[in-house]
Amino acid sequence: MYRATVKKIKSKHGKPSRAWRQTSRKTRGALVQRALGKVTLDDFFDDFDAVQVDPAKNDGLEDCEVVLTIGTRGYRGKTGKGHGHAEMDALVQFIEDVGDIDGCVTLLRRARNKTVTCEDKSVCRGCASVLGALGFKASSAETTKYGKFMGKTQWAPVPQIRALLKAYNPNIDLSNYGG
Ligand SMILES: [Zn+2]
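Report follows, based on the coordinates.

The rules behind each value
- Residues numbered from 1 in each chain as written.
- Predicted model: local features only at pLDDT ≥ 70, side-chain atom pairs only at ≥ 80, totals over all residues.
- Helix = DSSP H or I, 4+ residues; strand = E, 2+ residues; numbered from the N terminus.
- Buried ≥ 20, exposed ≤ 12 C-beta atoms within 10 Å, placed from the backbone.
- Contact = placed C-beta atoms within 7 Å.
- Axes fitted to C-alpha atoms, helices over the stretch in contact; angles between N-to-C directions.
- Parallel < 35°, antiparallel > 145°, perpendicular 65-115°, else oblique.
- Nonpolar A, V, L, I, M, F, W, Y, C, P; charged D, E, K, R; others polar.
- Pairing = 2+ DSSP bridges.
- Left-handed = near helix turned anticlockwise from the far one by under 90°.
- Core = buried A, V, L, I, M, F, W, Y, C linked by C-beta atoms within 7 Å.

Quick look at the overall build of the protein chain
In terms of helices and strands, the protein chain carries seven helices and eight strands. In the protein chain, which comprises 179 residues, the proportion classed as buried is 28%. Here the analysis covers contacts within the protein chain between residues at least 6 apart in sequence; of these, 64% occur between residues at least 24 apart.

Structure below.
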């Protein structure tokens, strides 16, 4: 599959294509990934159904509380618990509550209701992309999203969330976030 795709891309550019030869390894990788149907996490920002605002609501506010509703259960997350932003902390609460990634995937696929309530501040680009990739939407117009990363530290999903994303959608390319 991979070889066939590379061949297809090469022939599209001419053989052996100058463009291909001059393309950096990284770009070649991206071309192949896209042809294989791989998507980057950022591609899911638009999928998170929430009103996009600019500027962000309360940018710089570290403390915030978030509730993720999955089916009939609610998971409360807070900033500063070692899992990144409050949204990601809530997601880790869910993962720990269920106990295994496959169980989480099943529950997420079955849940009719997957919403995020985050009214203190806007959901940042990274968290919105994760939530969009997992099929969440804002619970109301009070929960908004912002197209940039926020906070003092660089945004990256913790290992549990990376594992969940990969199990939920194996096509998600997380290489921009450490592999
Ligand atoms: Zn965030």
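A look at the packing of helix 4 (residues 86–98) against helix 7 (residues 159–168)
As a packed pair, helix 4 and helix 7 sit with axes 10 Å apart at the nearest point and diverge in direction by 70 degrees. Looking at the two axes, helix 4 sits roughly perpendicular to helix 7. Between helix 4 and helix 7, the contacting residues are Met88, Leu91, Val92 and Ile95 on the first element and Gln160, Ile161 and Leu164 on the second. Within the contact of helix 4 with helix 7, the residues separate by chemical class into six nonpolar, one polar and no charged.

Structural notes on the pairing of strand 4 (residues 73–78)
By the bridge criterion, six bridges tie strand 3 (residues 65–70) to strand 4 in an arrangement that is antiparallel. Within the sheet, the bridge partner assigned to Val67 lies in strand 4 and is Arg76. The hairpin formed by strand 3 and strand 4 contains two residues between the paired strands, and Gly71 there has a positive phi angle of roughly 65 degrees.

A look at the sheet that holds strand 3
With mixed pairing, the four strands of this open sheet are ordered in space as 4-3-5-6. Strands at the two margins of the open sheet, each flanked by one partner only, are strand 4 and strand 6 (137–138). Summarising the sheet, strand 5 (residues 114–117) and strand 6 pair through two bridges and their orientation is parallel. In the sheet register, Thr115 faces strand 6, and the bridge partner there is Lys137. Along the sheet, helix 4 makes contact with strand 3, strand 4 and strand 5, crossing strand 4 at roughly 135 degrees.

Things to note about the packing of helix 5 (residues 101–110) against helix 7
Interaxial distance between helix 5 and helix 7 falls to 9 Å at its minimum, and their mutual angle equals 55 degrees. On the basis of their axis angle, the class for helix 5 and helix 7 is oblique. Taken as a pair, helix 5 and helix 7 cross one another with a handedness that is right-handed. When helix 5 is examined against helix 7, the residues Ile101, Asp102, Cys104, Val105 and Leu108 are found in contact with a partner set consisting of Ala163, Leu164, Ala167 and Tyr168. A class-by-class count of the residues in the contact of helix 5 with helix 7 yields eight nonpolar, no polar and one charged.

A few points about unusual backbone geometry
Between Asp54 and the following residue, Pro55, the backbone shows a cis peptide bond with an omega angle of 5 degrees. Locating Pro55 in the fold gives a position in the loop between strand 2 (51–53) and strand 3.

Some points on the environment of Ala167
Looking at the secondary structure, you find Ala167 in helix 7. In this structure the C-alpha to C-alpha distance between Ala167 and Val105, which are 62 residues apart in sequence, comes to 7.0 Å.

Remarks on the nonpolar core
Counting residues in each nonpolar core, the largest one holds 34 residues, and the members touching the most others are Leu91, Val116, Val123, Ala128, Val130 and Leu131. At the level of secondary structure, the elements contributing two or more residues to this core comprise strand 3, helix 4, helix 6 (125–133) and helix 7. Per-element accounting of this core gives the leading share, seven residues, to helix 4. Apart from the residues within four sequence positions on either side, Leu131 is in contact with Phe48, Glu87, Val116, Val123 and Phe136.

Things to note about the environment of Asp47
For Asp47, the location among the structural elements is in the loop between strand 1 (39–40) and strand 2. Separated by 90 residues in sequence, Asp47 and Lys137 place their C-alpha atoms 8.4 Å apart. Apart from residues no more than four positions distant in its own chain, Asp47 is found in contact with Gly132 and Ala133.

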